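Structural description and commentary
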Amino acid sequence: MSDDLILSVVMGSRAYGLETDDSDTDRRGVFVAPTAAFWRLDKPPTHRDGPLPEQFSWEVERFCALGLDANPTILECLWSPIVEVITPAGRRLRDLRGAFVSARAQRSFAGYAEDQFRRLDPAAPKWKQAMHMMRLLLSGLHLVRHGEPLVQVGPYRERLLAVKRGEVPWAEVDAWRASLSAELTAAPCVLPDRPDRERVEDFLVGVRKEFL
């Protein structure tokens, strides 16, 4: 692992509880570029791949900005049940996760699921993509109702895996999708109207000072 990595979690099927014998291990992380690197005209990268297979990391500022916009992937990273690397700064970030959630998630999760739905061909659906569309709707609905995304799918595992295997007729999948989408749009939201940008910014400034 890189020395600048402050948080690395497992995502994908192993975090969701949807793994099978041939599942990969998807890793997502947060790294911190040296503060002095931002003084130059050429700025540090906002993200990077590797070094492990199926590993992707964001620079901390980019991660925070996406989180404040209620990006589903970022929010689920903060609630991943499998943490492989965490430094004191990473622990502060994880402890701050409640500051990122807001009612914006009601739109962002629904929007991401709708984008996936538009890319599916009912005549020849990509069943794995259909499964993840359903999982995303379930996660978003749990978030607006309970204040945190549903990462570990628990009781939905078998039904979602049946969708992935193509064992559920498309009409049934579409009906489930429509029902969850309607619930997500209409659900009473327990989340604040806006994220706590000030707390997130205080964290970011502290990290920049630490890496100066």
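Structure report, in brief. (Residues numbered from 1 in each chain as written. Predicted model: local features only at pLDDT ≥ 70, side-chain atom pairs only at ≥ 80, totals over all residues. Heavy atoms only, no water.)

1. A short note on the packing of aromatic side chains
- According to the stated counting rule, one finds four aromatic pairs in the structure shown.
- Put simply, the rings of Phe56, Trp58 and Phe63 touch in pairs and so form one group of aromatic residues.
- The residue whose ring lies beneath Arg135 is Tyr16, and the NZ or CZ to ring-centre distance is 3.7 Å.
- Sitting over the ring of Phe117, Arg177 keeps its end group 3.7 Å from the ring centre. (Phe/Tyr/Trp six-rings, centres within 6.5 Å; stacked < 30°, edge-to-face > 60°. Lys NZ or Arg CZ within 6 Å of the ring centre and 35° of its normal.)

2. So, helix H9 (residues 197-210)
- Helix length check: H9, at 14 residues, gives a terminal C-alpha distance of 20 Å against a target of 20 Å (1.5 Å per residue), a fit within 8%.
- Along H9, the residues that are buried comprise Val200, Phe203, Leu204, Val207 and Arg208. When H9 is viewed along its axis, its buried side chains cluster within an angular range of 135° and face the same direction. Summarising the geometry of H9, the exposed residues directed more than 90 degrees from the buried face are Glu198, Asp202 and Lys209.
- Tucked into the core, H9 has its buried residues touching strand S4 (55-59), helix H2 (60-68) and helix H4 (88-95). (Helix = DSSP H or I, 4+ residues; strand = E, 2+ residues; numbered from the N terminus. Expected span 1.5 Å × (residues − 1). Buried < 20%, exposed > 50% of the residue type's maximum accessible area, 1.4 Å probe, protein only. Arc of directions from axis to C-beta. Contact = heavy atoms within 4.5 Å.)

3. Focus on the pattern of salt bridges
- A full pass over the atoms with the stated rule returns 13 salt bridges.
- Note that Arg92 and Glu210 form a salt bridge whose closest N and O atoms lie 2.8 Å from each other. Note that Arg92 is positioned in helix H4 and Glu210 in helix H9, a separation of 118 residues in sequence.
- What emerges from the salt-bridge pattern is a single network uniting Glu59, Glu61 and Arg208. (Salt bridge = Lys/Arg side-chain N within 4 Å of Asp/Glu carboxyl O.)

4. Overview of the environment of Asp22
- Counting through the fold element by element, Asp22 comes out in the loop between helix H1 (13-16) and strand S2 (26-31).
- Of the residues examined, Asp22 reaches a relative accessible area of 64% and is grouped as exposed.
- In this structure the side chain of Asp22 is engaged in a polar contact, spanning 2.7 Å, whose partner is the side chain of Thr20. (Polar contact = N/O pair within 3.5 Å; in protein donor to acceptor, adjacent residues only side chain to side chain.)

5. Quick look at the packing of helix H5 (residues 104-118) against helix H6 (residues 127-146)
- Between H5 and H6, the least distance of the axes is 9 Å, while the angle of their chain directions is 170°. Taken together, H5 and H6 sit at an angle that is classed as roughly antiparallel. In this structure, H5 contributes Ala105, Gln106, Phe109, Tyr112, Ala113, Gln116 and Phe117 to the contact, and H6 contributes Gln129, His132, Met133, Leu136, Leu137, Ser139, Gly140, Leu143 and Val144. (Axes fitted to C-alpha atoms, helices over the stretch in contact; angles between N-to-C directions. Parallel < 35°, antiparallel > 145°, perpendicular 65-115°, else oblique.)

6. So, the environment of Arg177
- The residue Arg177 is located in helix H8 (residues 170-186) in this model.
- When neighbours within four sequence positions are excluded, Arg177 is seen to be in contact with Glu114, Phe117, Met133, Met134 and Leu137.
- Within polar-contact distance, the side chain of Arg177 engages the side chain of Asp174 at 2.9 Å.

What is shown is where atoms sit, not what they do.
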